[in-house]
Structure formats: C-alpha cells, structure tokens
Amino acid sequence: MGLRASAVVCLFVATLALAGCRGDRSDDNAGQFRDNVAALGAGARLDPEDADSPGIVGGSIPTAPGGGLEFTFSFGPDPVDISDDFPNRDETVHFDDGDEFYSSMSNAPAGLRLADQNKRFDLELMLQDAACEAAAGKKCESSDG
C-alpha cells in the first residue's frame, strides 16, 4: 500500500508541475507579453486588446530602421496559427517550448545599411525574448525552441 500511495503522490505532484508549466491561458500569456514589451523601452506601440482574440497581440515600433517594424504574436497552450495571415511578411516563428506562440514581423526593406539591419534584428530579438518570457519563463536565446 505504501508503494501505491507513493505512486499516487508522485502522479499528483507531476500533474501539478505540468499544469504550472503549461497551464497559462492565451490571454495570460498575451498580457504578460504586453507588460514585457512596455518594459523594453523600445518605443513599441501596442494595438488595443481585442476581446474576440484574447491571445493575439499586435503592434509596431515606428522608430525601427527601415520605416518601422510591425509585429503580431499569437499566444496560448493552443495558439492561433498566424503564419499565413500576413502574406507580405516572411519572418514567422513558431515557439513550442512551454506554452506556444506564433509570431510574424514585417520584413526589412531592401537596401538597408548593415548597421540598420543589425539594429532592426536586435529589436526583433528583444520582442522574441519578451514573448519567450511570457510563454516559457526564459529567453529565446537560451532555449532550444
């Protein structure tokens, strides 16, 4: 009986741990992402929240090199796949380490100087890391996802 009780306790603890790691709702992840982006100090402008799409966060960084950077993120344990929603964007990511997210960012314009390309890429990484922190509690750079 002791072994059976131990197995039940282990199963219960494992279930709680799994729920804690992957139990966030889409709007929880999106809300945390909004807070993370605001804390970046990158001049991001976030679109108003849409009650019909609680896991979707869109916005822009108007001061990004190349005429601004538009972005859209879809969060949740089962996020909406936005990969094909922006045909003029080819920078799309699917993150699935923890709660998942999809992201889509506007393309860098052709002919952008290398220094400006690097600044734009740094902004993209900052946004991805803000999303990873919301979805999995860690930076993208240190993850395998």
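Reading the values: the criteria
Residues numbered from 1 in each chain as written. Predicted model: local features only at pLDDT ≥ 70, side-chain atom pairs only at ≥ 80, totals over all residues. Heavy atoms only, no water. Helix = DSSP H or I, 4+ residues; strand = E, 2+ residues; numbered from the N terminus. Buried < 20%, exposed > 50% of the residue type's maximum accessible area, 1.4 Å probe, protein only. Contact = heavy atoms within 4.5 Å. Areas by Shrake-Rupley, 256 points an atom, 1.4 Å probe, with all protein chains shown as cover. Phe/Tyr/Trp six-rings, centres within 6.5 Å; stacked < 30°, edge-to-face > 60°. Lys NZ or Arg CZ within 6 Å of the ring centre and 35° of its normal. Core = buried A, V, L, I, M, F, W, Y, C linked by side-chain atoms within 4.5 Å. Polar contact = N/O pair within 3.5 Å; in protein donor to acceptor, adjacent residues only side chain to side chain. Pairing = 2+ DSSP bridges. Salt bridge = Lys/Arg side-chain N within 4 Å of Asp/Glu carboxyl O.

Caption draft 1: The overall build of the protein, seen in detail. From N to C terminus, the protein includes three helices and five strands. Taken from the N to the C terminus, the helices and strands of the protein come in the order α-α-β-β-β-β-β-α. Here the protein holds 145 residues, and the buried ones make up 35% of them. In the protein, the share of contacts with a sequence separation of at least 24, taken over all contacts with a separation of at least 6, comes to 51%. Total accessible area on the protein is roughly 8,500 Å²; 54% of this is exposed by carbon and sulfur atoms.

Caption draft 2: Layout of the packing of aromatic side chains. Inspection of every chain in the model, using the stated rule, returns seven aromatic pairs. Consider the rings of F33 and F73, whose centres lie 4.5 Å apart with planes at 40°: the pair is tilted. Separated by 40 residues along the polypeptide, F33 in helix 2 (residues 26–40) and F73 in strand 3 (residues 69–76) bring together distant segments of the chain. Each member of the pair, F33 as well as F73, carries the same accessibility label: buried. When the centroid spacing of 4.9 Å and the interplanar angle of 15° are considered together, the rings of F95 and F101 count as stacked. A relative accessible area of 1% means that F95 is categorised as buried. Taken together, the aromatic side chains of F33, F71, F73, F75, F95 and F101 make up a single cluster linked through ring pairs. The aromatic ring of F86 is capped on one face by R89, whose charged end is 4.1 Å from the ring centroid.

Caption draft 3: Inspection of the nonpolar core at higher detail. Membership of the largest hydrophobic core comes to 22 residues, with the highest contact counts inside it found for F33, I61, F73, F75, F101 and L127. For this core, the secondary-structure elements that each account for two or more residues are helix 2, strand 2 (56–61), strand 3, strand 5 (100–105) and helix 3 (114–136). For this core, the leading source of residues is helix 3, giving seven residues. Once you skip the residues sitting within four places of it in the chain, F101 turns out to touch F73, S74, F75, P79, V93, H94, F95, Q128, A131, C132 and A135.

Caption draft 4: Structural detail: the environment of R89. Structurally, R89 is set in the loop between strand 3 and strand 4 (91–95). Taking the C-alpha atoms as reference, R89 lies 5.0 Å from S106; in sequence the two are 17 residues apart. In contact with R89, other than residues within four places in its own chain, are E70, F71, T72, S104, M105, S106 and N107. Within the structure, the side chain of R89 is placed 3.1 Å from the backbone oxygen of S104, a separation counted as a polar contact.

Caption draft 5: Highlighting the sheet that holds strand 5. A sheet is described by the order of its strands in space; here five strands give the open sequence 1-2-3-5-4, paired in antiparallel fashion. Every other strand in the sheet has two partners, leaving strand 1 (45–46) and strand 4 as the edge strands with one partner each. Examined bridge by bridge, strand 4 and strand 5 share five bridges and lie antiparallel to one another. By the bridge assignment, V93 is partnered in strand 5 with S103.

Caption draft 6: How the structure looks around the pattern of salt bridges. Following the criterion strictly, the structure yields three salt bridges and no others. The partner of E70 in a salt bridge is R89, and the shortest N-O contact between them spans 3.6 Å. Residue E70 is located in strand 3, and its partner R89 is located in the loop between strand 3 and strand 4; the two are separated by 19 residues in the primary sequence. The buried category is assigned to R89, whose relative accessible area is 13%. Salt-bridge contacts for D97 lead to K138; the nearest nitrogen and oxygen are separated by 2.4 Å. Here D97 is found in the loop between strand 4 and strand 5, whereas its partner K138 is found in the segment after helix 3, with 41 residues between them in sequence.

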